[in-house]
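Analysis of the macromolecular model
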Amino acid sequence: MDKYYLGIDVGSVSTNIVLIDEYNDLVYKKYIRTQGKPIEMIKYGIKEVAEIYGNERIQGAATTGSGRYLASIIIGADEVKNEITSHAVASLTYRSDINTILEIGGQDSKIIIIRDGIVVDFAMNTVCAAGTGSFLDRQAIRLGVDISEFGDLALKSNNPVRIAGRCAVFAESDMIHKQQFGHNPEDIIKGLCQALVRNYLSNIGNGKDIKAPIMFQGGVAANKGIIKAFESELGERIIIPPNYDVMGAIGAAIIGKEKAKNQGYTNFNGLDLYKKDYSVNGFECEGCSNSCEVLEIKEGKKTLARYGDKCGKWSYKILS
Amino acid sequence: MKITFPHLGNAYIAGKAFLDELGHEVILPAVNSRKTLEIGSKNSPDEICLPFKLFTGNYIEGIEKGADTIFTVGSCGPCRFGLYPLIHKQILDDLGYSVNFIVLDAIREDFLDFKNSLSQLLGTTSLIQVTKSAKLAFKLINMTDNLSQLSNYIRAYAVNKKQVNKIMDDFYENAVQSFGANELINIINKTTDNLRDVKLDKSISPLKIGIIGEIYTIIEPYVNLEIERKLGELNVIVDKSLTPTKWLDHHVLSYPFGSKYETTKFKLAKPYMVDMVGGHGRETVGSAIYYKNMGYDGVIQILPLNCMPEIVAKSVLKRVAQDLNFPIMTLVVDEMTGEAGFMTRLEAFVDLISKRNEGRNTEIG
């Protein structure tokens, strides 16, 4: 029987589930759109894992992404890790000599600066989603282009249009303006890719020492137009890891593996957890003027955890 | 005179006891909350800094509870803070509240003015009386600051971090209900004992992180999303570069020379910043270097969105981080700040430092 380790990355746009083996090699990956229903999507993903690997034992599990706490309670994670560390661990496992990681996901983008295998600096987008995947998604819909063809179309253009990419709303109006002007879609798409990269580098990459080798990951790394724009802007070749779209989950799985090995056991609830019934209730605490939104996660009638309160009055977690 | 004042971190606790002693009726505004910010944002200019909006909220909440006098500090410059009292008075007048403002401006600007305001507050003109009361106030502020610092230290080692939070929450609750300096001192002593009884995990070797930036943001837990607690729960000992104690020491007790601690920071900042840039910009740069020299593992700068002096400091800090090979992270907060992203950054920063230290230890070993 092989040993497998589970990693789940619950992001705002997608939920990624991976299994890795003892050698950190990926054996299974699933990319699901979160659609605002993280619990259902986790169950849906775990169900598929159970159907294929139902007889194997999962020896460790960890979660990452903005929904990491929720996911960890449901699956019984050995470790809950932030996205930055998870991405860095995954990239370094793939190539230990990288110095820079560019990551663009659905609503997040990050840059991680690494020297000698150690994270020395990082940044995440703060106030604006103009440089992220959902922005591109939206513009593709507006242009009537499938997002998967977006990159190839961009490569066809020889004469990109300059689009104001500082802000998603302005970029959109600027793009409409260029359309009305009569520019062809390829040129607009390439212009958009360049605008996104410019925005990313000036916003998130601002003041960071971007040194080769550079790795680019996250859902947007599927887009050849963006890769090309990064290469011409940075003057360096960009490395795309084979599983660029699930690097966060892979990192989590590796971290979970190490944790489980160190502690000698796993907290994982087992693959049949998808059969259980989970529910989340939210309520506003009226104890003081902070009006915290408290969340309560239940498995059937049993309360698994409560969180979201500032004072700890409701915080509660069943210790297994 | 029913007196109220804006929140400045934990200063309200000492402030209340001090004013109790002077025989004023103190109307404490509710602790900063979402509601305070909503009221404040609605009645403040949109582009103004975050502290202004919270002050507005504090004043209105205080007035609605019956306050007729507002006590605050000002000064002409060196940042927008100096203009707060003037604009606030205007806003409150426009809203139809008629309240009396007692503003303590910097001593150097006009000593008589300073003394008059103080006398108005204290209800006496005797310099001896004023000095005596000021000493008491300073003692109380010092004690509450020391208590917060002790809780930060204990939290980093505590087996159960929530227990420390609970002790401190109880302290704030009891302190507000107490009357006068003696009662407060008793509560502080009792809380200190409770903190010392917390079970510690000696196997934890905590990181040390300094919080630097403009004073309001780093001492007001609602604004900095309780960064001290969040870091403490990640086994980090937190120290703040500015506290009411340090501020008073520099601006009042050590007048006109400034406290040793602050002047040291100016000296440290000198290679990067010769002059002041307003607000606490120069202090922020100096503090980063100060913490490095004190053997801290890293610093976090917190700034309220669009705070000019801190933005200047932020760009300078990049150089400082490079030159000293010292981890510095900047976090920007405003009323739109999401807690999830904030937490992710803190966790990643702590991971970064631990990994760095691991690397260093193996090199030495």
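What you are looking at is a predicted structure, and each value in this text was computed from that prediction instead of being measured.

1. So, unusual backbone geometry
A cis amide bond links A:A212 with the next residue in sequence, A:P213, at an omega value of -10°. Of note, A:P213 is situated in the loop between α7 (185-203) and β9 (214-217). Even without glycine at this site, B:E226 takes up a positive phi of about 50°. Of note, B:E226 is situated in the loop between α9 (215-219) and α10 (227-233).

2. With respect to the pairing of strand β8 (residues 118-124) of chain A
Sheet topology note: the strand β7 (residues 109-115) of chain A/β8(A) ladder contains 6 bridges and is antiparallel. Of the residues in β8(A), the one forming a bridge with A:I111 is A:A123.

3. A word on the sheet that holds strand β6 (residues 236-240) of chain B
Residues and elements named next belong to chain B. Spatial strand order, β6-β5-β7-β8: 4 strands in an open sheet with parallel pairing. At either end of the open sheet lies a strand with only one pairing partner, and these are β6 and β8 (328-333). The average undirected angle you get between the axes of adjacent strands in this sheet is 25°. Inspection of the sheet shows strand β7 (residues 298-304) paired to β8 by 6 bridges, in the parallel sense. From the neighbouring strand, Q301 faces β8, where its bridge partner is T330.

4. Overview of the pairing of β9(A)
All names here are of chain A. Sheet topology places strand β6 (residues 100-104) next to β9; 4 bridges connect them, and they run parallel. Within the sheet, the bridge partner assigned to E103 lies in β9 and is Q217. Regarding the hand of the β-α-β motif, the stretch spanning β9, helix α8 (residues 224-234) and strand β10 (residues 238-239) is right-handed.

5. Overview of the sheet that holds strand β3 (residues 69-73) of chain B
Strand pairs in the sheet, formed through backbone hydrogen bonds, run parallel or antiparallel to each other. All names here are of chain B. Pairing in this open sheet of 4 strands is parallel, and the strands run β2-β1-β3-β4 from one edge to the other. Across the chains shown, the open sheet's two edge strands, defined by having one partner strand only, are β2 (25-26) and β4 (100-104). Both strand β1 (residues 2-4) and β2 contribute to a ladder of 2 bridges, which runs parallel. The residue bridging K2 from the neighbouring strand is E25, located in β2. Across the face of the sheet, helix α5 (residues 111-122) comes into contact with β3 and β4 while running at roughly 130° to β4.

6. A word on the domain arrangement of chain A
Residues and elements named next belong to chain A. Along its sequence, chain A is carved into domain 1 (3-87 + 248-275), domain 2 (96-240) and domain 3 (278-317). In this structure, domain 1 and domain 3 have C-alpha centres spaced 24 Å apart. Between domain 1 and domain 3, the contact holds 5 residues from the first and 6 residues from the second. The element contributing the most residues to the side of domain 1 that touches domain 3 is helix α2 (residues 68-75), with 4 residues. Looking at the side of domain 1 that touches domain 3 residue by residue, the classes come out as 5 nonpolar, no polar and no charged.

7. Considerations on the domain arrangement of chain B
All names here are of chain B. With domains assigned, chain B is organised as domain 1 (2-134) and domain 2 (206-365). Counting residues at the interface gives 17 residues for domain 1 and 20 residues for domain 2. At the level of secondary structure, the elements contributing two or more residues to the side of domain 1 that touches domain 2 comprise α2 (34-42) and α3 (50-64). Among the residues forming the side of domain 1 that touches domain 2, the class breakdown is 10 nonpolar, 6 polar and 1 charged.

8. Here we look at the interface of chain A and chain B
Contacts between chain A and chain B engage 17 residues on the former and 21 residues on the latter. Among the secondary structure elements, those contributing two or more residues to the side of chain A that touches chain B are α3 (83-94) and β8 of chain A. Looking at the side of chain A that touches chain B element by element, the count peaks at 4 residues for β8(A). In terms of residue class, the side of chain A that touches chain B is made up of 6 nonpolar, 10 polar and 1 charged.

9. A closer look at the confidence of the model for chain A
In the predicted model, chain A carries a mean pLDDT of 86, and the fraction of residues at 70 or more is 94%. Element-level pLDDT for chain A is lowest in strand β14 (residues 316-317) of chain A, with a mean of 56, against a maximum mean of 96 in β9(A).

Cut-off values and rules
- Residues numbered from 1 in each chain as written.
- Chains lettered and ligands numbered in written order.
- Predicted model: local features only at pLDDT ≥ 70, side-chain atom pairs only at ≥ 80, totals over all residues.
- Helix = DSSP H or I, 4+ residues; strand = E, 2+ residues; numbered from the N terminus.
- Pairing = 2+ DSSP bridges.
- Axes fitted to C-alpha atoms, helices over the stretch in contact; angles between N-to-C directions.
- Right-handed = clockwise from strand over helix to strand, strands pointing away.
- Contact = placed C-beta atoms within 7 Å.
- Domains from an automatic or database assignment.
- Nonpolar A, V, L, I, M, F, W, Y, C, P; charged D, E, K, R; others polar.
- pLDDT = per-residue confidence, 0-100.

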